[in-house]
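Listed below, chain by chain, are the residues.
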Amino acid sequence: MNVKFAKRAAVVAGAVVLGTTLVTTTAQADPPTYRQLVGVGSDTTQDVMNGLGNTIDDSDGSPSSKLIASYDATGSATIQTRPDPTVCKGLTRPNGSGAGVNALRADIAAGTHCYDFARSSSAPNASGQFTFIPFGIDAVAPAVRGDSLIGSDIDSAELVNAYNCKDTAGNPLNPTAGIYPTLNGKTVHPLIPQAGSGTRKFWASKMGIDANNLPWCVSDVAKDGSIVEEHDGSSLQRTAAVDGAEDVVPFSIAQWIAQTNGVAPNRVHGAVLESVDGTSPRSGSDLNTSFPYNREVYNVLQSSRIANDSIDPDYYFAFVGGTSDVCNNTAVINLYGFGTDPNCGSTALSGRDLV
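In short, a report on the structure. Since we're looking at a predicted model, the values are computed, not measured.

Scanning the protein from N- to C-terminus turns up eight helices and 16 strands. For 355 residues, the compact-globule estimate of 2.2 N^0.38 gives 20 Å, and the protein sits close to it at 21 Å. If you line up the protein on its principal axes, its C-alpha atoms span 70 × 40 × 35 Å. Put simply, the protein has 355 residues, and 53% of those count as buried. A separation of at least 24 residues holds for 73% of the contacts in the protein among residues at least 6 apart in sequence. Total accessible area on the protein is roughly 13,600 Å²; 52% of this is exposed by carbon and sulfur atoms. Taking the average place of the 23 positive charges on the side chains of the protein and the average place of its 35 negative ones, the gap between the two points comes to 3 Å.

This paragraph deals with the pattern of salt bridges. Within this structure, the stated rule accounts for ten salt bridges. Asp138 is the salt-bridge partner of Arg295, the closest N and O atoms lying 3.0 Å from each other. Separated by 157 residues along the polypeptide, Arg295 in strand β15 (residues 294-302) and Asp138 in strand β6 (residues 126-145) bring together distant segments of the chain. In this structure, the salt-bridge partner of Arg305 is Asp312, at a minimum N-O distance of 2.6 Å. Assessed through its relative accessible area of 13%, Arg305 is described here as buried. Taking the relative accessible area as the measure of exposure, Asp312 reaches 17% and is therefore buried. One salt-bridge network, held together by shared partners, links Arg82, Asp116, Arg305 and Asp312.

Glancing now at the packing of aromatic side chains. Enumeration over the complete set of coordinates arrives at nine aromatic pairs. Seen from their ring centres, Tyr163 and Trp203 are 5.9 Å apart, and the 80° between their planes marks the pair as edge-to-face. Of the two residues, Tyr163 sits in helix α4 (residues 156-163) while Trp203 sits in helix α5 (residues 198-207), which places them 40 residues apart along the sequence. Here the two residues Tyr163 and Trp203 agree in accessibility, since each one is buried.

Here we take up unusual backbone geometry. Omega for the peptide link from Ser62 to Pro63 comes to 5°, which places this bond in the cis form. Inspection of the secondary structure puts Pro63 in the loop between α2 (46-53) and β2 (68-70). Residues other than glycine seldom take positive phi values, yet Asn184 does so here, at roughly 50°. Assignment of secondary structure puts Asn184 in the loop between β8 (182-183) and β9 (186-190).

The rules we used
Residues numbered from 1 in each chain as written. Predicted model: local features only at pLDDT ≥ 70, side-chain atom pairs only at ≥ 80, totals over all residues. Heavy atoms only, no water. Helix = DSSP H or I, 4+ residues; strand = E, 2+ residues; numbered from the N terminus. Rg over C-alpha atoms; globule rule 2.2 N^0.38 Å. Buried < 20%, exposed > 50% of the residue type's maximum accessible area, 1.4 Å probe, protein only. Contact = heavy atoms within 4.5 Å. Areas by Shrake-Rupley, 256 points an atom, 1.4 Å probe, with all protein chains shown as cover. Lys, Arg positive; Asp, Glu negative; His and termini not counted. Charge placed at Lys NZ, Arg CZ, Asp CG, Glu CD. Salt bridge = Lys/Arg side-chain N within 4 Å of Asp/Glu carboxyl O. Phe/Tyr/Trp six-rings, centres within 6.5 Å; stacked < 30°, edge-to-face > 60°.

This is the structure we're talking about:
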């Protein structure tokens, strides 16, 4: 065993103890220093990966005392991920799971090594060069404004009809008539996050719609003309269009918890999460993992770099296996609203891609 490998083993062994010492301040948008393992992509998991990045040490302290650099989905238009000013500078910030995986794919093809992993809230659905490693459980709930007249519980069949631009009996609504669908007797304007969003893809699959060709009444543009960003309640309006419809939008329960408990930047803007079929999105102050629309969240790695633990020990031990650096920090994962995943660190989803 080489020296660095031995240091890495010691860090992993001590992570269970160290993981209970949590930083409770809001995670910064981007890491303050250049770090060895760089990740981009999903808005849903950006904050928990920031928290893990501020917790997990680099065994050799190079180029930083911390191992993981997680760059937010939104912020400045460009980012720089390596200290060399001629390399990995002026990179377009990837916004969303799809954008993160695409950036990693392009980086591997170019051999520039600007990125090491992508954050994804969407599961893979095709063969490819990546391994999707789960690390937490999330669920997505319909969210409305705090002053909504819809009520506190939504019927799932009615919700699906609304996102398919149908009435409560399942009959298609005529777009030229300007009549929008309803939830609990209240007219609604269904919203969905921006293109490339893992939550958009996930929600579309649950609603039975095409994420790339939205039904006429579903929009990824808010009333003010801005793109609907994931897990940001500022898009929600009580008068979303000339029809006077209330807005409804999918919102990560883990993100809502993290934002309201102060460990993630608060973008809730008064949005409240709806129960579905009588099932609450939360169990006490925690995520209800039995909520109907639950999902795993992933870090996406290059499969060839984790074929065994000696190719790139830091990369491997950061993410792979139930005793990896990430999986040993369950307390941090839970603090950011995610449920504990019994599959944390699994490489079962290898040879996959996100399309």
